[in-house]
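So the chains spell out like this:
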Amino acid sequence: MRRPLWLALGCAGLMVAAACSAPGDSGDSGADGAAASTAAVATSCGSDPVTLKGYFETGFPVPKELANEFTKQFPNVKWDIREDQFAVITQNAPRVLADDPPDLMRLPQVSELVKDGLLKNLDGYAQAYGWDKWPASQLEQMRVGSNGQRGDGPLFAQGLNFSMTGVFYNKKLAAQIGMTEPPATLADLDALLQKAKDAGITPINQFNGGATGGLAFPLQNLMAAYGEPGPINDWIFQKPGATIDTPTNLQATKHLEKWIKAGYFASDINSQDYATMMSRFIGGKALFIFDGDWESGNLDKQMAGNAGFFLMPSAQPGGKRAAMSAPLTYGISAKAAHADCAAFFLNWVATNQKARDIDVSVGGSHPMGPSDAYMPPVKEGTVTAATLEAGATIGQDNGSMDFIANATGAIYAKSWTPQLQKLVAGQQTPEALLKSVQKDYESQVKG
């Protein structure tokens, strides 16, 4: 939400006195990826032909739109992009970074990848480009200390934007049940869900099939409705003694189970993927979905004037709001062939006016970057306007949380997803679910 910075071109574009080097020669990243952090870096892609190798998440247009625009502005840079679902990337990340290292990769989680020396330390670029002058909250989730804890220490990733989650709703269906404004409390939301069910409308459609447990979205929103975001972030950041098995999180999991048993979710959610959820919602077959602002631009096109957004309400009247709010995280392999060019791209995404336009118009998300950087105008009454306004509320309430699926590299695919699928099937209790996830977490952190 800002004005554009200059584009760094060669030695003349350096923001600090870092020596120029050939693209890709970023100093000694070392086998542990955390070695040289302030070695000389080049702040351009040069003029010779470069092919950046990317490993992106499928189904999200922003990265490819940014890549295409980057090539328009820098024709010597082409892209070789591979795409996979997030769950697949989660499982593949260590092997891909080690055996087939991309220059730029969508990261599911950073702690274990840093421990294994698979990610490049970006402190040298942060100094050269001035990222360390940005609001600290933008980067803290991507910092990892020597003890493996996130939140401080060297920078090992960057964001293509800063996303936030909440509840999207169909305005026409909302009007049918008398919903004239977003719910102010969790009890108000419960009442709307029952009204929708009584009216023959699917209250919530949520993906939860295969290797992607989408019920983690409403569950974490419920956790935020009942408790403070701080302890959840501590758990995600692997702080000593942190646990997900808390009294307020148990309340949240029981509330989710209540929604399941009440029939508020589509009956086939355990076989639904993300694309099916979006197709049904856009087709007017559900009142609510829990999702992120990366869909705002899409919904403004596909459901123009008929989609709304609100933050999850608190369990208490007047309670503060919290939401999963995290960068769309990308990292550079410790073995990247074109690390300097990849870092130049990351800086360009945050500071170039056209790139920031794409972040907002296509992604519907808040761009990264300096606090005074250019912010694209947004049409009043759009979903994008609603999500950006909600982001300001989260900032005021200090309610930003990372995603519980990011606590370890394996926690999403091996813990949250199967446990939430069992909860839907009536094969797991809320108490046992949290205990099982915590046990897996402790084993994965120690391992």
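Residues numbered from 1 in each chain as written. Predicted model: local features only at pLDDT ≥ 70, side-chain atom pairs only at ≥ 80, totals over all residues. Heavy atoms only, no water.

When helices and strands are counted, the chain shows 16 helices and 10 strands. For the chain, whose C-alpha radius of gyration is 21 Å, the value lies close to the compact-globule estimate of 22 Å for 447 residues. The C-alpha extent of the chain, read off along each of the three principal axes, is 65 × 50 × 35 Å. Counting the 447 residues in the chain, one finds 58% classified as buried. For the chain, the share of sequence-separated contacts (at least 6 apart) that also reach a separation of at least 24 residues comes to 77%. For the chain, the exposed surface amounts to about 16,900 Å²; the carbon and sulfur share of it is 50%. The distance from the centre of the 36 positive side-chain charges to the centre of the 44 negative ones in the chain is 4 Å. (Helix = DSSP H or I, 4+ residues; strand = E, 2+ residues; numbered from the N terminus. Rg over C-alpha atoms; globule rule 2.2 N^0.38 Å. Buried < 20%, exposed > 50% of the residue type's maximum accessible area, 1.4 Å probe, protein only. Contact = heavy atoms within 4.5 Å. Areas by Shrake-Rupley, 256 points an atom, 1.4 Å probe, with all protein chains shown as cover. Lys, Arg positive; Asp, Glu negative; His and termini not counted. Charge placed at Lys NZ, Arg CZ, Asp CG, Glu CD.)

Evaluated as defined, the whole model comprises 27 aromatic pairs. When the centroid spacing of 5.9 Å and the interplanar angle of 75 degrees are considered together, the rings of Phe-60 and Trp-294 count as edge-to-face. Remark: Trp-294 occurs in the loop between strand 7 (288–292) and helix 11 (296–302) and Phe-60 occurs in the loop between strand 1 (50–57) and helix 1 (62–73); sequence separation between them is 234 residues. Look at Phe-217 and Trp-294: their rings are 6.4 Å apart centre to centre, the planes differ by 70 degrees, and that puts the pair in the edge-to-face class. Here Trp-294 lies in the loop between strand 7 and helix 11 and Phe-217 lies in helix 7 (residues 216–226), a separation of 77 residues in the sequence. Judged by relative accessible area, which is 6%, Phe-217 ranks as buried. (Phe/Tyr/Trp six-rings, centres within 6.5 Å; stacked < 30°, edge-to-face > 60°.)

Our next topic: the layout of surface pockets. Size it by volume and the largest pocket reaches roughly 960 Å³. Lining the largest pocket are 46 residues, and of these Glu-57, Phe-60, Phe-86, Arg-106 and Trp-294 lie nearest its centre. Of all the elements in the fold, those that place two or more residues in the lining of the largest pocket are helix 2 (86–99), strand 6 (158–170), helix 10 (274–282) and strand 9 (323–331). The leading source of residues in the lining of the largest pocket is strand 9, at six residues. Partitioning the lining of the largest pocket into residue classes produces 24 nonpolar, 16 polar and six charged. Here the second largest pocket defines a volume of roughly 690 Å³. Lining the second largest pocket are 29 residues, with Ser-137, Phe-162, Ser-325, Gly-395 and Ser-400 sitting closest to its centre. Considering only residue class, the lining of the second largest pocket consists of 10 nonpolar, 15 polar and four charged. (1 Å grid on protein atoms, 1.4 Å probe; cavity = no way out; pocket = protein on both sides within 12 Å on 5 of 7 lines; lining within 4 Å. Points joined across faces, edges and corners; volume = space filled by probe spheres on them. Nonpolar A, V, L, I, M, F, W, Y, C, P; charged D, E, K, R; others polar.)

So, about the environment of Gly-230. Mapped onto the fold, Gly-230 is located in helix 8 (residues 229–236). With a relative accessible area of 34%, Gly-230 lands in the partly exposed category. Considering only alpha carbons, one finds Gly-230 and Ala-187, 43 residues apart in sequence, at a separation of 23 Å.

What follows covers the confidence of the model for the chain. Confidence in the prediction for the chain averages 88 pLDDT; 91% of positions are at 70 or higher. The low-confidence segment residues 1–38 (pLDDT under 50) makes 116 contacts with residues lying over four places distant or belonging to another chain. (pLDDT = per-residue confidence, 0-100.)

Structurally, Asn-352 is set in the loop between helix 12 (339–351) and helix 13 (353–361). Residue Asn-352 is classed as buried on the basis of its relative accessible area of 10%. Side chain to side chain, Asn-352 and Gln-73 meet in a polar contact 3.3 Å long. Only 3.0 Å separates the side chain of Asn-352 from the backbone nitrogen of Ala-355, close enough to count as a polar contact. (Polar contact = N/O pair within 3.5 Å; in protein donor to acceptor, adjacent residues only side chain to side chain.)

Each α-helix winds once per 3.6 residues, and so residues spaced three or four apart point in a common direction. Helix length check: helix 1, at 12 residues, gives a terminal C-alpha distance of 17 Å against a target of 16 Å (1.5 Å per residue), a fit within 8%. Residues of helix 1 that are buried include every one of Val-62, Pro-63, Leu-66, Ala-67, Glu-69, Phe-70 and Thr-71, and no others. On its buried face, helix 1 is in contact with strand 1, strand 2 (77–84), strand 6, strand 9, helix 12 and helix 13. (Expected span 1.5 Å × (residues − 1).)

With that settled, consider the pairing of strand 7. With five of five residues buried, strand 7 lies mostly within the body of the structure. Across the two faces of strand 7 the burial is the same, with Phe-288, Phe-290 and Gly-292 and Ile-289 and Asp-291 all buried.

So, on to the nonpolar core. Trp-235, Leu-256, Trp-259, Phe-288, Ile-404, Trp-416 and Leu-420 are the most contacted members of the largest nonpolar core, which totals 76 residues. Looking at this core, the element that brings in the most residues is helix 7, giving seven residues. Those residues in contact with Ile-404 that lie beyond four places of it in its chain are Ala-216, Gln-220, Ile-232, Trp-235, Ile-236, Ile-244, Ile-411 and Trp-416. (Core = buried A, V, L, I, M, F, W, Y, C linked by side-chain atoms within 4.5 Å.)

Attention now goes to the environment of Trp-294. For Trp-294 and Leu-189, which are 105 residues apart along the polypeptide, the C-alpha to C-alpha distance reads 23 Å. Apart from residues lying up to four places away in sequence, Trp-294 is in contact with Phe-60, Ser-163, Thr-165, Phe-217, Tyr-274, Val-362, Gly-363 and Ser-365. There is a polar contact of 2.9 Å between the side chain of Trp-294 and the side chain of Tyr-274.

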